[in-house]
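The primary structure of each chain is shown beneath.
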Amino acid sequence: MKKHENFIQKYWITFMLFACMIFSYKITADYELADAFLFPPLESIIKAFLKNKDVMFINMLYSFQLMIPAIAIALVIALSVGTLMGMNKRLREILHPIIYTVSVVPSILLAPFALLLAPSFRSASLFLVVYGTIWSTLFATITGIQTIDKRYLDNAATLELKGMKKFIKVILPAASPSILAGFVNSLRGSFVILVYAEMYGAKYGMGFFVKKYSEYGLYSETWAGFVFMVVILIIVMQFFEKLKNYLLKWTTN
C-alpha cells in the first residue's frame with residue numbers, strides 16, 4: 001500500500017498533464033478547432049483501436065522480429081570495436097576521426113541507397129536500424145573504458161588477469177554505467193529508423209500500419225496506430241531503464 005501511495009505522490013502531476021493533453025485533443029476534435037479530417041473524435045479513435053487491436057499486435061511482433069536482431073548486432077559490434085578503441089590509444093587515434101565522420105551522416109539519408117542496393121527489404125531495414133543504433137553505444141563504450149579508474153587496471157595486473165577474463169571481470173563492469181546509458185539512449189533512435197523503414201516497402205510492422213491507413217485517409221485508425229506505437233516504445237524504454245538500474249544497482253548510494 002505504501003508503495004502505491006509513493007507512486008501516486010511521485011507521478012500525480014504527470015498523470016494530470018497527460019489527462020490535460022487528452023482533454024485538449026477531445027475539445028479540439030469535438031468543436032472542430034482544427035481540421036476535422038485529420039483530427040477525428042476521440043471516440044472514433046477508441047473504436048478503431050478496439051477494432052484493429054489484434055492486427056496492431058501482429059504488426060508489433062513483426063517490428064520486434066526486425067528490431068531485436070538489429071539491436072543485438074549493433075550491441076556486439078559496438079562493444080567489440082569500442083573495447084578495442086578504448087584500450088588502444090593508437091587504434092583510437094587512427095579510427096576515431098573516420099568513425100566520427102561516418103556517424104554524423106543521418107541514417108535517413110542512407111535509406112534510399114539501402115533500399116535500392118540491398119538484396120531484400122529486410123536486409124536493408126536491418127542495416128538501417130543497426131546503423132542508427134550503433135553509434136551512441138560505441139562512443140559510450142570508448143568513453144567508459146577511457147575513464148576507468150586506473151586502480152582497477154592496476155589491481156587486475158596484480159591479480160594477473162588477462163584477456164577475456166580481464167574484460168569480463170574488470171573492464172566491462174567498470175565501463176558498464178557509460179555503456180548502458182549510451183545503449184538506452186540509442187534505443188529511441190533505433191525505433192525512429194525502424195518505423196521509417198517500415199513506412200517504405202514493408203508489408204507488416206507498426207510503421208507500415210500507420211502509413212497504410214494515412215494513405216487511405218482513415219485517420220481514426222492512423223491515430224490508433226500512432227498511440228499504440230508510442231505506448232509500446234514507452235514500455236520498451238521503461239523495461240530497459242529498469243534493467244539498467246538493476247544491473248547498476250551497485251553504483252547507487
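Below, the structure is looked at part by part. Computed from a prediction, not measured in an experiment: that's the story for all the values here.

Some remarks on the overall build of the chain
And then number 1: Helix and strand content of the chain: nine helices and zero strands.
And then number 2: Reported as C-alpha extents along the three principal axes, the dimensions of the chain are approximately 70 × 55 × 30 Å.
And then number 3: Split into buried and exposed, the 253 residues of the chain put 33% on the buried side.
And then number 4: Long-range contacts, defined as pairs at least 24 residues apart, comprise 69% of the intrachain contacts of the chain with a sequence gap of at least 6.
And then number 5: Within the structure as shown, the chain displays about 16,100 Å² of accessible surface, and the carbon and sulfur contribution to it stands at 69%.
And then number 6: With 24 positive and 14 negative side-chain charges, the chain shows a spacing of 11 Å between the two charge centroids.

Structural notes on helix H4 (residues 107-117)
And then number 1: Within H4, burial applies to Ser-107, Ala-111 and Ala-114. Projected down its long axis, H4 carries its buried residues within an arc of 85°, all on one side. Counted as exposed and oriented over 90 degrees from the buried face of H4: Leu-109, Phe-113, Leu-116 and Leu-117.

Comments concerning unusual backbone geometry
And then number 1: With phi around 50°, Glu-32 is a residue other than glycine that occupies positive phi space.
And then number 2: With respect to the helices and strands, Glu-32 occurs in the loop between helix H1 (2-30) and helix H2 (42-87).

Considering the packing of H2 against helix H8 (residues 206-216)
Packed helix pairs are specified by the crossing angle of their axes together with the interaxial distance, meaning the distance between the axes.
And then number 1: Where H2 contacts H8, the axes come no closer than 7 Å and their chain directions differ by 135°. In terms of orientation, H2 lies oblique with respect to H8. The residues of H8 that touch H2, namely those facing Asn-52, Val-55, Met-56, Asn-59, Met-60 and Ser-63, are Met-206, Phe-208, Phe-209 and Tyr-213.

Some points on the packing of aromatic side chains
And then number 1: In the structure shown here, the tally under the stated rule is 13 aromatic pairs.
And then number 2: Plain terms: the ring middles of Phe-209 and Tyr-213 are 4.7 Å apart, the flat faces sit at 55° to each other, and that makes the pair tilted. With Phe-209 and Tyr-213 both in helix H8, this residue pair falls four residues apart, about one helical turn.
And then number 3: Centre to centre, the rings of Trp-223 and Phe-226 are 5.9 Å apart; their planes meet at 85°, and the pair counts as edge-to-face. Residue Trp-223 and its partner Phe-226 are both found in helix H9 (residues 219-247); the two are separated by three residues, about one turn of the helix.
And then number 4: Given the relative accessible area of 23%, Trp-223 is considered partly exposed.
And then number 5: Taking the relative accessible area as the measure of exposure, Phe-226 reaches 41% and is therefore partly exposed.

Re H8
The periodicity of an α-helix, 3.6 residues per turn, causes residues three or four places apart in sequence to face the same way.
And then number 1: Within H8 the residues assigned to the buried category are Met-206, Gly-207, Phe-209, Val-210 and Tyr-213. In a view along the axis of H8, the buried residues occupy a sector of 160°, so they form one face of it. Across H8 from its buried face, at more than 90 degrees, point the exposed residues Glu-215 and Tyr-216.

Criteria and cut-off values
Residues numbered from 1 in each chain as written. Predicted model: local features only at pLDDT ≥ 70, side-chain atom pairs only at ≥ 80, totals over all residues. Heavy atoms only, no water. Helix = DSSP H or I, 4+ residues; strand = E, 2+ residues; numbered from the N terminus. Buried < 20%, exposed > 50% of the residue type's maximum accessible area, 1.4 Å probe, protein only. Contact = heavy atoms within 4.5 Å. Areas by Shrake-Rupley, 256 points an atom, 1.4 Å probe, with all protein chains shown as cover. Lys, Arg positive; Asp, Glu negative; His and termini not counted. Charge placed at Lys NZ, Arg CZ, Asp CG, Glu CD. Arc of directions from axis to C-beta. Axes fitted to C-alpha atoms, helices over the stretch in contact; angles between N-to-C directions. Parallel < 35°, antiparallel > 145°, perpendicular 65-115°, else oblique. Phe/Tyr/Trp six-rings, centres within 6.5 Å; stacked < 30°, edge-to-face > 60°.

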